[in-house]
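As a plain string of letters, each chain reads:
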Amino acid sequence: RFYAPNRATLALSGDFDITEALKVLNKHYGKFTAQPWVEPNVPQEKPRKEARRKVIPMKAESVFLADSLFGPRYGDDWVAAESIFCSLIADSTHGYLVGELVEKGIARSVSGSCGPSVDPGLSGIFVVGNPGVSVAKLEKALDAAKKGFSKWVTAERVEQMKLYYLASQYSSMRDPVDLAEDVARSSVTSGDPLYSFAFLEKAKKVTLADVKHRFDVWNKTPHTRLIIEPSDKTAPIVRPAK
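Heads up: these notes are all about the structure in this document.

The rules we used
- Residues numbered from 1 in each chain as written.
- Predicted model: local features only at pLDDT ≥ 70, side-chain atom pairs only at ≥ 80, totals over all residues.
- Heavy atoms only, no water.
- Helix = DSSP H or I, 4+ residues; strand = E, 2+ residues; numbered from the N terminus.
- Contact = heavy atoms within 4.5 Å.
- Lys, Arg positive; Asp, Glu negative; His and termini not counted.
- Charge placed at Lys NZ, Arg CZ, Asp CG, Glu CD.
- Pairing = 2+ DSSP bridges.
- Axes fitted to C-alpha atoms, helices over the stretch in contact; angles between N-to-C directions.
- Buried < 20%, exposed > 50% of the residue type's maximum accessible area, 1.4 Å probe, protein only.
- Salt bridge = Lys/Arg side-chain N within 4 Å of Asp/Glu carboxyl O.
- Polar contact = N/O pair within 3.5 Å; in protein donor to acceptor, adjacent residues only side chain to side chain.
- Disulfide = S-S within 2.5 Å.
- Expected span 1.5 Å × (residues − 1).
- Arc of directions from axis to C-beta.
- Core = buried A, V, L, I, M, F, W, Y, C linked by side-chain atoms within 4.5 Å.

**Examining the overall build of the protein chain**
Phase 1: Check the secondary structure of the protein chain and you find nine helices and five strands.
Phase 2: When the helices and strands of the protein chain are placed in sequence order, the string is α-β-β-α-α-β-β-α-α-α-α-α-α-β.
Phase 3: The principal-axis extents of the C-alpha atoms in the protein chain amount to approximately 65 × 60 × 35 Å.
Phase 4: A separation threshold of at least 6 residues defines the contact pool for the protein chain, and within that pool the share at least 24 residues apart is 78%.
Phase 5: A gap of 7 Å separates the mean positions of the 34 positive and 29 negative side-chain charges of the protein chain.

**Digging into the pairing of strand 4 (residues 122-129)**
Phase 1: In the sheet, strand 2 (residues 64-70) pairs with strand 4 via seven bridges, with the strands oriented antiparallel. Each bridged residue has a counterpart across the sheet, and for aspartate 67 the counterpart in strand 4 is isoleucine 125.
Phase 2: Across six bridges, the pairing between strand 3 (residues 107-113) and strand 4 is antiparallel. Residue pairing in the sheet places serine 113 in a bridge with glycine 124 of strand 4.

**Notes on the sheet that holds strand 3**
Phase 1: Strand order in this open sheet of five strands is 1-5-2-4-3, and the pairing throughout is mixed. Every other strand in the sheet has two partners, leaving strand 1 (52-58) and strand 3 as the edge strands with one partner each. The sheet shows a mean angle of 15° between the axes of neighbouring strands, taken without regard to direction.
Phase 2: Relative to the sheet, helix 2 (residues 79-90) contacts strand 3 and strand 4, its axis offset from that of strand 3 by approximately 175°.

**A word on the side chain of aspartate 91**
Phase 1: Examined against the element boundaries, aspartate 91 turns out to sit in the loop between helix 2 and helix 3 (96-102).
Phase 2: Here aspartate 91 is buried and forms no salt bridge, its nearest opposite-charge partner arginine 157 lying at an N-O distance of 12 Å.
Phase 3: Engagement of the side chain of aspartate 91 in a polar contact is seen with the backbone nitrogen of threonine 93, the distance being 2.9 Å.
Phase 4: Within the structure, aspartate 91 has its side chain in polar contact with the backbone nitrogen of histidine 94 (distance 2.8 Å).

**Overview of the state of the cysteines**
Phase 1: The full count for this structure, using the stated rule, is one disulfide.
Phase 2: Between the sulfur of cysteine 86 and that of cysteine 114 lies a disulfide, 2.3 Å long from S to S. For the disulfide bridge between cysteine 86 and cysteine 114, the dihedral angle about the S-S bond is near 65°, and by the sign convention the bridge is right-handed. Highlighted residues: cysteine 86 in helix 2 and cysteine 114 in the loop between strand 3 and strand 4, separated in sequence by 28 residues. Side by side, cysteine 86 and cysteine 114 carry an identical accessibility label, which is buried.

**Describing helix 9 (residues 208-220)**
Phase 1: Its 13 residues place the ends of helix 9 19 Å apart at the C-alpha level, agreeing with the 18 Å of an ideal helix rising 1.5 Å per residue.
Phase 2: By the burial criterion, the buried members of helix 9 are Val211, Arg214, Phe215 and Trp218. What you see down the axis of helix 9 is that its buried residues fit within an arc of 100°, all on one side. With respect to the buried face of helix 9, the exposed residues turned more than 90 degrees away are Ala209 and Lys220.
Phase 3: Packed against the buried residues of helix 9 are strand 2, helix 2, strand 4, helix 4 (135-146), helix 5 (149-152) and helix 6 (155-172).

**Some points on the nonpolar core**
Phase 1: Core analysis: the largest hydrophobic core is formed by 45 residues, its most contacted members being Ile89, Leu97, Leu101, Phe149 and Val211.
Phase 2: It is helix 2 that contributes the most residues to this core, nine residues altogether.
Phase 3: Once residues lying within four places of it in the same chain are set aside, the contact partners of valine 211 are Ile84, Phe85, Leu88, Phe149, Val153, Val158 and Val206.

**Description of the side chain of serine 196**
Phase 1: Mapped onto the elements of the fold, serine 196 is located in helix 8 (residues 195-204).
Phase 2: Under the relative-accessibility criterion, serine 196 is labelled buried at 14%.
Phase 3: With residues up to four places along the chain from it excluded, the contact list for serine 196 reads Met173, Asp182 and Ser186.

Here it is in structure tokens:
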């Protein structure tokens, strides 16, 4: 119902002759014909009016905490600022929370994921506690640490993170296979095959004020907090009767 040759994109990248490439494509795909499809009706989730928190007991070595809220879509004008903010606060190597949680022995790792999607996905900060650190201690440390972000972040740190972020993004597109995948994905998700390049141009223009604004939005928007707590008593698995 949802897949058809006429709504697919094929991307090539590398050192090739266009005329010869078109011959190969025509050989393998030339007999494909257009097909009707059903456009999926994706329901829109309503904005959250209050925070949600869920603790799930599981056989795990450490506490895992995911703090998330609705993230950007491809066309949102704040998508670049969201990504730079996310890297500043939760990059696994250079982010603010590394110094506040990992280097202080509370967490084993921190990371963030705030990329755009076709429909509103989730921007999230993820924290894995050190073994023996309780849920209460990890949550308290995270919430206390976030209060100091505004003083920590400076224009210089924003510029440094932009350089680090841009370098990693450009590096990921140097391989021809990765570049072709990015072009094809951008084409079908955003409608612009060169979306990633336009996005990185916007990232270059992100300012300290933009980052602080995104941080304010994070603080004022109701979150969903999912926590996995180490436990020998896991939720029962319900299987249908035969």
